[in-house]
Amino acid sequence: LFNKMAVFRRSLVLASILSTAPSTAFHTAKNTPLVSNTLQSHSSKILQPLKMGFFDMISGGDAPLISPEKALPGRTQTMPNIKGYKHYITGKDLLEVPEGFEEAVFANGCFWGSEKGIWRLPEGIHSTAVGYCAGFTPNPTYEEACSGRTGHTEGVRVVYDPSKVSFVDILRWFWEAHDPCSGMGQGNDRGTQYRSGFYYFNEDQKRLIEASKEAYEKQLGKSITTEIAAADEYDQYGGLWYFGEVYHQQYLSKPGARPYCSAQPQGVSLAPFEEWAPEDLKEKYEPTLPEAFWKAHAPRKGCSVVNAPNEPIKVGDW
């Protein structure tokens, strides 16, 4: 009964968003920003979920990851209204990556709550964005990604200042904010679009992700299923990252937002950095957030971030 109610709740949330979303060049006959005009003649095919019924489509289902050759063709048109869009909390341009700043891209369940946890970090977060990553279809829409036929997972892109917030602080939040052992889904959201993943842009990120995974796996006492891959592996499919629709960006901070989150934090703190970090990376990537911060603000079971204030946590407020 609980699972059915969760599925129904999710369907109501999505129906509400899609019914009120502004019309753009990505649309269907019902004026929801889903499918490009250029693909209207193929919409009946595109909107068919991968071996899923209606309720499976809403909650994801457990279909395997689609192969690249069977993925939807996508489009060259980029997501409308992202260019020039300012982050709802930080006010920064979503496309901007200032000199000296770096990027991190990860996926750990429904992207609404995943994004909010990161924009609330005290310092160094220039912008966050939600979108679709690690798939095979260029410029997918939300409904296409939800169908399981693009190969994407709901993700978060972080642009941050490494002099103010360490990559390992973002990495730690990622691990602790969900269940990385849940395969193709998170909580009651099932499907390849909810799979856990972290995608690296350089060798340092790769080594830190892999080392922390090994440590956290031992702490959890079960196998972690998180996908770890190089960002450039997806260049052949148009790129690792595609921005989501504007109405999804910083969704939980906007008036009328439903406090939905499927993530399943395990309530287990990642082992101290010094215990698992590669020796030659310890100085460069030393955490900037003290342990007191994590005691006060770490993700709690039940996805507590959805009910947290929208504003970033103040420095020293721990």
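The rules we used
Every residue gets a number counted from 1 within its own chain, in the order that chain's sequence is written. With the structure being a predicted model, the display of local features is reserved for residues of pLDDT at least 70 and the display and counting of side-chain atom pairs for 80 or more, all residues being used for whole-chain, interface and lining totals. Side-chain figures throughout are based on the complete set of non-hydrogen atoms in the structure, without hydrogens or water. As used here, the term nonpolar core means buried Ala, Val, Leu, Ile, Met, Phe, Trp, Tyr and Cys residues forming a set that is joined through side-chain atoms within 4.5 Å. For every residue, the accessible area (1.4 Å probe, protein chains only) is compared with the maximum for its type, and the residue is labelled buried under 20%, exposed over 50%, or partly exposed between those bounds. In this text, helices come from DSSP runs of H or I with a minimum length of four residues, and strands from runs of E with a minimum of two, each type numbered from the N-terminal end. In what follows, a contact means two residues having at least one pair of non-hydrogen atoms within 4.5 Å. Pairing between two strands requires that DSSP report at least two bridges joining them. Note: pLDDT gives the predictor's confidence per residue, expressed from 0 to 100. What qualifies as a polar contact is a pair of N or O atoms within 3.5 Å, subject to a donor-acceptor requirement within protein and to the restriction that residues adjacent in sequence count only when both atoms come from side chains. Lines are fitted to the C-alpha atoms to define the axes, a helix being fitted only along its stretch in contact, and any angle between axes, read from their N-to-C directions, falls within 0 to 180 degrees. An angle counts as roughly parallel when it lies under 35 degrees, as roughly antiparallel when it exceeds 145, as roughly perpendicular when it falls between 65 and 115, and as oblique in every other case. Note on convention: the crossing is left-handed when the near helix lies turned anticlockwise from the far helix by less than a right angle, right-handed when the turn is clockwise. Pairing of aromatic rings covers Phe, Tyr and the six-membered ring of Trp, with a centre-to-centre limit of 6.5 Å; geometry is then stacked below 30 degrees between planes, edge-to-face above 60, and tilted otherwise. What counts as a salt bridge is simple: a side-chain nitrogen of Lys or Arg found within 4 Å of a carboxyl oxygen of Asp or Glu. Two cysteine sulfur atoms form a disulfide, by the criterion used here, when they sit within 2.5 Å.

### Here's the deal with the nonpolar core
No. 1: One finds Leu121, Val158, Phe167, Ile170, Leu171, Leu208 and Trp276 to be the most contacted residues of the largest nonpolar core, which totals 73 residues.
No. 2: Per element, the largest residue contribution to this core is seven residues, and it comes from helix α6 (residues 167–176).
No. 3: In this structure Leu208 touches Phe167, Val168, Leu171, Phe273, Trp276, Pro278, Leu281 and Tyr285, once residues within four positions along its chain are discounted.

### Let's talk about the pairing of strand β1 (residues 102–107)
Along any regular strand, the residues point their side chains to alternate faces of the sheet.
No. 1: Across five bridges, the pairing between β1 and strand β3 (residues 153–160) is antiparallel. Along β3, the bridge assignment pairs Ala104 with Val158.

### Let's talk about the confidence of the model for the protein chain
No. 1: Taken as a whole, the protein chain shows an average pLDDT of 86; of its residues, 81% reach a score of 70 or greater.
No. 2: When the criterion is pLDDT under 50, residues 51–61 qualifies, and its contacts beyond four places in sequence or with other chains add up to 29 contacts.

### Observations concerning the side chain of Thr153
No. 1: Along the chain, Thr153 falls in strand β3.
No. 2: In this structure the side chain of Thr153 is engaged in a polar contact, spanning 3.2 Å, whose partner is the backbone oxygen of Gln193.
No. 3: Ignoring any residue separated from it by four or fewer positions in sequence, one finds Thr153 in contact with Ala107, Gly131, Tyr132, Cys133, Thr192, Gln193, Tyr194, Arg195 and Tyr199.

### Section: the packing of α6 against helix α7 (residues 203–220)
No. 1: Two elements in contact, α6 and α7, have axes whose closest approach is 11 Å; the angle formed by their N-to-C orientations is 40 degrees. Taken as axis vectors, α6 and α7 run oblique relative to one another. Relative to α7, α6 is oriented so that their crossing is right-handed. Counted together, Phe167, Val168, Leu171, Trp175 and Glu176 of α6 and Gln205, Leu208, Ile209, Ser212, Lys213 and Tyr216 of α7 form the full contact between these two elements.

### Some points on the packing of aromatic side chains
No. 1: This model, assessed by the stated rule, comprises 18 aromatic pairs.
No. 2: Aromatic ring contacts, followed pair by pair, group Phe106, Phe167, Phe174, Trp175, Phe198 and Tyr216 into a single cluster.

### A closer look at the pattern of salt bridges
No. 1: According to the stated counting rule, one finds 10 salt bridges in the structure shown.
No. 2: Put simply, Glu176 and Arg172 hold a salt bridge, and the shortest N to O gap is 2.6 Å. Of this pair, Glu176 and Arg172 both sit in helix α6, four residues apart, which is roughly one turn of the helix. With respect to class, Glu176 is no different from Arg172; both count as buried.
No. 3: Salt bridges sharing common partners tie together Arg172, Glu176 and Glu291.

### Looking at the state of the cysteines
No. 1: Throughout the structure, instances matching the rule amount to one disulfide.
No. 2: Disulfide pairing places Cys261 opposite Cys303 at an S-S distance of 1.8 Å. What sets the handedness of the Cys261 and Cys303 disulfide is the S-S torsion sign, and at about 60 degrees it is right-handed. Within this pair, whereas Cys261 is found in the loop between β8 (241–243) and α8 (273–276), its partner Cys303 is found in the segment after α9 (291–297), the two being separated by 42 residues in sequence. In terms of burial, Cys261 and Cys303 fall into one category: buried.
No. 3: The closest cysteine sulfur to the non-disulfide-bonded Cys110 is located on Cys261, 6.4 Å from its own sulfur.
No. 4: Using a relative accessible area of 2% as the deciding quantity, one classes Cys110 as buried.

### Side note on α6
No. 1: Extensive coverage of α6 is indicated by the burial of 10 of its 10 residues.
No. 2: Buried residues of α6: Phe167, Val168, Asp169, Ile170, Leu171, Arg172, Trp173, Phe174, Trp175 and Glu176, and no others.

### Some words on the sheet that holds β8
No. 1: Ordered by their spatial adjacency, six strands build an open sheet running β7-β6-β1-β3-β2-β8, and the pairing between neighbours is mixed. This sheet does not close on itself; its edge strands, each paired only once, are β7 (227–230) and β8. The sheet shows a mean angle of 35 degrees between the axes of neighbouring strands, taken without regard to direction.
No. 2: Sheet analysis places strand β2 (residues 125–133) next to β8, joined by three bridges and oriented antiparallel. If you follow Tyr132 over to β8, its bridge partner there is Tyr242.
No. 3: Against the sheet, helix α4 (residues 111–119) engages β1, β2 and β3, with an angle of about 165 degrees to β2.
No. 4: On top of the sheet, α7 reaches β1, β3, β6 (197–200) and β7; it is set at about 150 degrees to β6, its chief contact.

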